[in-house]
Amino acid sequence: MGGGFFETRSATDGTYSLKVSGGGWWTGMRPSYEGTQPDWVYTEPQTRVTFAEDNTTESQTINFKATVANAIITGIVKTPTDTAVQYAWVEIRGNKSMGNGASTDNNGRFSVKVPAGTYQVNVFSSLSDYGSPDVKSVTAAANQTSDAGTLYLKSKNSTVKGFAQDDAGNAVANVIVNAWLFSGAGWANTYTDTTGAYTLNLWAGTWGITVMPMSQNYIYQGAPKKVTVTANETSNGNNFQLKNANKTLKVKVTTADGTQVSDIWGGVWVRDTASTGGMLDFGGPREDMMGKVGMTSGSSGPTGPGMEKGGFAGGGLTNGYTEVKVPAGTFEVGLGMPPGSRYTL
């Protein structure tokens, strides 16, 4: 199955009609943020529907139920010097990821409609010199407005530096270096330069740092680094060693009688049994694939205790087949599929 995409808009009475091609499709709905802010949210999982891949005309009915956003959360976003932050995105999420979002106006203010409940308020700004504020918890009552107060961005005055090299000691350029804040909302990324060096401009806190080689010729085998920096501090020596992925693992999915399965959507996970570090490289896995190798076994999600259980790589399936570049070694191979798949191992 491929990566096709179709979309339509519902009429004023809530009805819709969507034409698709034959095959399996995941369906869901989302509000439009054009014009007036939506007064509803949708939090249910996607529904899978399948049509014959021929010239047959078929029709199926799928209804969606939204939740009314009957409360409002307001606030203002500023820099540490009390300057209002325009057009920052405010994300408000609660149970089952229920919530909503909106941009700040010219005065840094925001007003977001949500269903009654308790929420975490996160702010994401495009200002390069600042990071996200601490997450704010707010309880919103039905038909009431709750004020989150003033949320201050954080100055990016902390630095993390290091190098990426292969197992022969050669510098590896153009490697993506990702960083995420262990507690709160925060992320950053950069690339290694021609000398293999990288510099991340962050704000004070404890960060997870990992790498994603852009070339299939390299793969990272090891857990993310946990780095704590204070304001105006530079942490050096956060280096990563990549392995040469000069072997190709070819994977074909078949039924019990050996027939290749062509109508499957999902991916293949590959775990290095000899690895004492964390993931090899994401390679496009879904969360269910990550769970199979322990990457989501901890309370802190994919950066938690499951990460140290072994190397990991993956590849998306095309007509039941994929190829994954790996270094020399011994591997476990498994299949990851989304909920509702017609296949199982």
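Right above here is the structure, for reference.
Residues numbered from 1 in each chain as written. Predicted model: local features only at pLDDT ≥ 70, side-chain atom pairs only at ≥ 80, totals over all residues. Heavy atoms only, no water.

**Observations concerning the overall build of the chain**
Next, step 1: Of the regular secondary structure elements, the chain holds one helix and 27 strands.
Next, step 2: Within the chain, buried positions represent 41% of all 345 residues.
Next, step 3: Put simply, of all contacts in the chain between residues at least 6 apart along the chain, 65% involve residues at least 24 apart.
Next, step 4: Surface accessibility of the chain: about 18,500 Å² in total, with carbon and sulfur atoms responsible for 46%. (Helix = DSSP H or I, 4+ residues; strand = E, 2+ residues; numbered from the N terminus. Buried < 20%, exposed > 50% of the residue type's maximum accessible area, 1.4 Å probe, protein only. Contact = heavy atoms within 4.5 Å. Areas by Shrake-Rupley, 256 points an atom, 1.4 Å probe, with all protein chains shown as cover.)

**Quick word on unusual backbone geometry**
Next, step 1: A positive phi angle is found at Asn 143, which is not glycine, with a value near 60°.
Next, step 2: By the secondary structure assignment, Asn 143 is in the loop between β11 (136-140) and β12 (145-152).
Next, step 3: Phi at Asn 232 is positive, roughly 65°, even though this residue is not glycine.
Next, step 4: Mapped onto the secondary structure, Asn 232 falls in the loop between β20 (225-229) and β21 (234-235).
Next, step 5: The exposed category is assigned to Asn 232, whose relative accessible area is 64%.

**Considering the pattern of salt bridges**
For side chains bearing opposite charge, pairing can occur when the charged atoms are close.
Next, step 1: In this structure the tally under the stated criterion is four salt bridges.
Next, step 2: In this structure, Arg 30 and Glu 7 form a salt bridge, with 2.6 Å as the shortest nitrogen-oxygen distance. Of the two residues, Arg 30 sits in the loop between β1 (23-27) and β2 (40-41) while Glu 7 sits in the segment before β1, which places them 23 residues apart along the sequence.
Next, step 3: On the basis of relative accessibility, which here comes to 49%, the residue Glu 7 falls in the partly exposed class.
Next, step 4: The salt bridge involving Glu 332 is made with Arg 271; its shortest N-O contact spans 3.8 Å. Of this pair, Glu 332 sits in strand β27 (residues 331-336) while Arg 271 sits in strand β24 (residues 267-272), and the two are 61 residues apart along the sequence.
Next, step 5: The class for Arg 271 is buried, based on a relative accessible area of 16%. (Salt bridge = Lys/Arg side-chain N within 4 Å of Asp/Glu carboxyl O.)

**So, the environment of Trp 269**
Next, step 1: Tracing the chain through its elements places Trp 269 in strand β24.
Next, step 2: Its relative accessible area of 10% is what places Trp 269 among the buried residues.

**Some remarks on the sheet that holds strand β15 (residues 175-181)**
Next, step 1: Strand order in the open sheet made by the four strands is β16-β15-β18-β20, with antiparallel pairing throughout. At either margin of the open sheet sits one strand with a lone partner, and together these are β16 (187-191) and β20. Adjacent strand axes in the sheet meet at a mean angle of 25° when their direction is disregarded.
Next, step 2: The sheet contact formed by β15 and β16 spans five bridges and is antiparallel. Within the sheet, the bridge partner assigned to Val 177 lies in β16 and is Thr 190. (Pairing = 2+ DSSP bridges. Axes fitted to C-alpha atoms, helices over the stretch in contact; angles between N-to-C directions.)

**Observations regarding the sheet that holds strand β5 (residues 71-78)**
Next, step 1: Taking strand neighbours across the sheet as the criterion, the three strands line up as β8-β5-β12 in an open arrangement whose pairing is mixed. Either end of the sheet is taken by a strand with one partner, and the two such strands are β8 (109-114) and β12. Between one strand axis and the next, the sheet turns through 20° on average, direction left out of account.
Next, step 2: In the sheet, β5 pairs with β8 via six bridges, with the strands oriented antiparallel.

**Here's the deal with the nonpolar core**
Next, step 1: Grouped together as the largest cluster of nonpolar side chains are 21 residues, with contacts concentrated most on Ile 73, Ile 92, Phe 110, Val 114 and Val 121.
Next, step 2: Listing elements by their share of this core, those giving two or more residues are β5, β6 (89-93), β8, β9 (117-124), β11 and β12.
Next, step 3: Non-local contacts of Ile 73, meaning those with residues more than four positions away in its chain, are made with Ile 92, Phe 110, Ser 111, Val 112, Val 114, Tyr 119, Val 121, Val 138, Ala 140, Ser 146 and Ala 148. (Core = buried A, V, L, I, M, F, W, Y, C linked by side-chain atoms within 4.5 Å.)

**A closer look at the pairing of strand β26 (residues 321-326)**
Next, step 1: Across the two faces of β26 the burial differs, with Thr 322, Val 324 and Val 326 buried and Tyr 321, Glu 323 and Lys 325 not buried at all.
Next, step 2: Examined bridge by bridge, strand β23 (residues 247-252) and β26 share six bridges and lie antiparallel to one another. Across the sheet, residue Leu 249 finds its bridge partner in β26, namely Val 324.

**As for the packing of aromatic side chains**
Next, step 1: Under the defined criterion, the tally for this structure stands at seven aromatic pairs.
Next, step 2: With 6.3 Å between their ring centres and 45° between their planes, Tyr 198 and Phe 240 make a pair best called tilted. Within this pair, whereas Tyr 198 is found in strand β17 (residues 197-202), its partner Phe 240 is found in strand β22 (residues 240-244), the two being separated by 42 residues in sequence. Across the pair, Phe 240 and Tyr 198 agree in class, each one buried. (Phe/Tyr/Trp six-rings, centres within 6.5 Å; stacked < 30°, edge-to-face > 60°.)

**So, the environment of Gly 205**
Next, step 1: Assignment of secondary structure puts Gly 205 in strand β18 (residues 205-213).
Next, step 2: Along the chain, Gly 205 and Ala 231 lie 26 residues apart, while their C-alpha atoms are 8.5 Å from each other.

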